[in-house]
Amino acid sequence: MQLVTRAQWGAQPSRYELVYIASTQGVKIHYEGSYVPKSLADPDAHDACAGHMRDIQAAHLANTAEDYSDIAYNAVVCPHGAVFEGRGVHRRTAANGNQTLNTAHYAVCAMVGSSGLVQPTDAQLNGLVDAIEWMRSGGDAGSEVRGHRDGYATACPGDALYAWVQAGARRPDGTGPIGGSGDGTSGGTEIARYQVTINGLTYGYGASGDHVTKVGQALVAKGFGRHYEVGPGPTWSDADTRNYSDYQVSLGYSGTAAHQDADGVPGAVTLEQLLGYLPGSTSTTAVPPFPGRSAFVLGKSNPAVVRLDRALIRKGFTRHHDGNGYQAGPKFTQYTRKNVADFQRSVKALAGDPDGYPGPETWRRLLS
Ligand SMILES: [Zn+2]
Ligand SMILES: [Zn+2]
């Protein structure tokens, strides 16, 4: 890496003390978003790059609305591939849009504009990868490489650089940053990227469907949503994996590397614990046989009541409970009976006798 330190490019001192940051999830890529002269990319124009860097810093320090402490970026890469030290590593950026986003990722900017010089040079792409690797080795950045526009309404980093980010942030020779881009499925990353199938439904990176959104929503509801910048949504992302991993750890599982118990890829046990039911089972397998009316006696326990409760929870008939929310359990209680009655009232064929005690027809319809 061809690093140009602050002293070397003639940086002004920071206006306020920069905020220390121990680590980030990765790096966000930016462009200048204004006119950058094409001549800056001339092979013999590198002497002008330090001055260009001083101009960016001066513009940021002059921005009274933002009241920046310093140049907003952690690093800036010139068209000749040199990496100019901005705030540097272990310092919180001010470029990503808000405090949360600034804490989540470092910011690396390319000297590329919205007009004039709009295409990054090959040397610059190499420099960007150098900068990403520096953020990782020197600043404990994670494997994600994103565009500023990911999770924030902006055109930055422009279409050319964004396409490059989406293609895996690779060097022109096709090699990616050490540890992978965190965006593609190729390249080694520490985050689990495999899928599992539970009851006919797929979970893990890249899996999609309504059931994925439901997992995300349940994680957020339980307080495990800190990795979401957007969403949760129907396509399983690294953020889903990270949040699920946090949830697994909270349950006492350990080991967050891929294929360890808390790697963020669901298992049937934690999934059922999270949702209160196991999705997919009753829609892909036959309804279990009716256990008989003797299984449902007020105040008595029977394993069939657990199944009944799960079906009630899955279908949303849970408004009667002891004050702590309706939970699946073996005992047939007043609450079970009242919730079953609610279900019966909701189905035309059963509404004539909503006594709350399941017969074969209530059982079949509730568990299907
Ligand atoms: Zn930006
Ligand atoms: Zn240069």
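If you're wondering where the values come from, they're calculated on a predicted model, not measured in any experiment.

K.L.:
Is there a simple way to think about the coordination of the zinc ion (ligand 1) in this case?
P.N.:
For a metal with four tetrahedral donors the ideal donor-metal-donor angle is 109.5 degrees, while six octahedral donors give ideal angles of 90 or 180 degrees. Around the zinc ion (ligand 1), the protein contributes the donor atoms His30 (ND1), His148 (ND1) and Cys156 (SG), which lie 2.0 to 2.3 Å from the metal centre. For the zinc ion (ligand 1), the donor residues sit on a single chain with the sequence spacing H-x117-H-x7-C. Here His148 lies in the loop between strand 8 (141-147) and helix 5 (158-166) and His30 lies in strand 2 (residues 24-31), a separation of 118 residues in the sequence. In terms of burial, His30 and His148 fall into one category: buried.

K.L.:
Would you mind showing me how to read unusual backbone geometry here?
P.N.:
One can expect most non-glycine residues to show negative phi and most peptide bonds to be in trans. In this chain, Cys156 is followed by Pro157 through a cis amide linkage whose omega measures 10°. Summarising the element assignment, Pro157 is placed in the loop between strand 8 and helix 5. We note that His90 has phi near 60°; this positive angle belongs to a residue other than glycine. Counting through the fold element by element, His90 comes out in the loop between strand 5 (83-85) and helix 3 (99-104). One non-glycine residue with positive phi stands out, namely Asp140, at about 60°. Considering the arrangement of structural elements, one finds Asp140 in the loop between helix 4 (122-139) and strand 8.

K.L.:
It is not clear to me how the packing of aromatic side chains should be interpreted in this structure. Could you clarify?
P.N.:
Note on aromatic pairs: each is described by the distance of the centres and the angle between the planes. Inspection of every chain in the model, using the stated rule, returns 10 aromatic pairs. Here the aromatic rings of Phe290 and Phe296 are separated by 6.4 Å at their centres, their planes lie at 35°, and the arrangement is tilted. Owing to a relative accessible area of 27%, Phe290 belongs among the partly exposed residues under this scheme. Residue Phe296 is classed as buried on the basis of its relative accessible area, which comes to 4%. A network of ring pairs unites the aromatic residues Tyr203, Phe224, Trp236, Tyr244 and Tyr247 as a single cluster. When the ring centre of Tyr162 is taken as origin, the NZ or CZ atom of Arg149, which lies over that ring, is 4.4 Å away. A cation over an aromatic ring shows up here: Arg193 above the ring of Tyr205, its NZ or CZ 4.0 Å from the ring centre.

K.L.:
What's the story with helix 7 (residues 238-250) in this structure? I'm lost.
P.N.:
Because an α-helix completes one turn every 3.6 residues, residues spaced three or four positions apart along the sequence face the same direction. Compared with the 18 Å implied by 1.5 Å per residue over 13 residues, the 18 Å span of helix 7 between its first and last C-alpha is a close match. Burial within helix 7 is extensive, with 10 of its 13 residues counted as buried. Turning to helix 7, its buried residues are Asp238, Ala239, Asp240, Thr241, Arg242, Asn243, Tyr244, Ser245, Tyr247 and Gln248. Structurally, helix 7 contributes buried residues whose contacts are with strand 8, helix 6 (210-221) and helix 8 (268-275). Positive backbone phi, at 105°, marks Gly252, one or two positions downstream of helix 7.

K.L.:
What exactly am I supposed to notice about the packing of helix 10 (residues 303-315) against helix 11 (residues 334-346) here?
P.N.:
Each pair of packed helices can be summarised by the angle the axes make with each other and by the distance between the axes. Put simply, helix 10 and helix 11 touch, their axes get as near as 11 Å, and they point 50° apart. By the angle between their axes, helix 10 is oblique relative to helix 11. When the axes of helix 10 and helix 11 are compared, the crossing they make is left-handed. Contacts between helix 10 and helix 11 involve Val305, Leu308, Asp309, Leu312 and Lys315 from the first element and Thr336, Asn339, Val340 and Phe343 from the second. Broken down by class, the residue content of the contact of helix 10 with helix 11 amounts to 5 nonpolar, 2 polar and 2 charged.

Conventions used here
By convention here, each chain's residues receive numbers from 1 onward along its written sequence. Whichever chain is written first becomes A and whichever ligand is written first becomes 1, with later ones labelled in order. Restriction of local features to residues with pLDDT of at least 70 applies here, the model being predicted, together with a cutoff of 80 or more for giving and counting side-chain atom pairs; totals for whole chains, interfaces and linings are based on all residues. As a rule here, side-chain values come from all non-hydrogen atoms in the structure, and water together with hydrogens is ignored. Water is not part of the atom set, so a site may look incomplete; the donors themselves are N, O and S atoms within 2.8 Å of the metal, or 3.2 Å for Na, K and Ca. Helix and strand definitions follow DSSP, with helices as H or I runs of at least four residues and strands as E runs of at least two, each counted in order from the N terminus. Summary of the burial criterion: residues with accessible area below 20% of their type's maximum are buried, those above 50% are exposed, and those between are partly exposed, where the area comes from a 1.4 Å probe applied to protein chains only. Put simply, two rings from Phe, Tyr or Trp (the six-membered ring, in Trp's case) pair if the centres are within 6.5 Å, and we call them stacked under 30 degrees between planes, edge-to-face over 60, tilted for the rest. Two thresholds decide whether a charge sits over a ring: the Lys NZ or Arg CZ must be within 6 Å of the ring centre and within 35 degrees of the ring normal. Here, expected helix span is obtained from the residue count minus one, scaled by 1.5 Å. Here, residues are in contact when the closest pair of their heavy atoms is within 4.5 Å. Convention adopted: a line fitted to C-alpha atoms gives each axis, helices being fitted over their contacting stretch, and angles between N-to-C directions are expressed from 0 to 180 degrees. Roughly parallel here means an angle under 35 degrees, roughly antiparallel means over 145, roughly perpendicular means 65 to 115, and every remaining angle is called oblique. Each crossing is labelled by how the near helix is turned from the far one, with a counterclockwise turn of less than a right angle marking it left-handed and a clockwise turn marking it right-handed. Amino acids outside the nonpolar list (Ala, Val, Leu, Ile, Met, Phe, Trp, Tyr, Cys, Pro) and the charged list (Asp, Glu, Lys, Arg) are all regarded as polar, and Gly is one of them.

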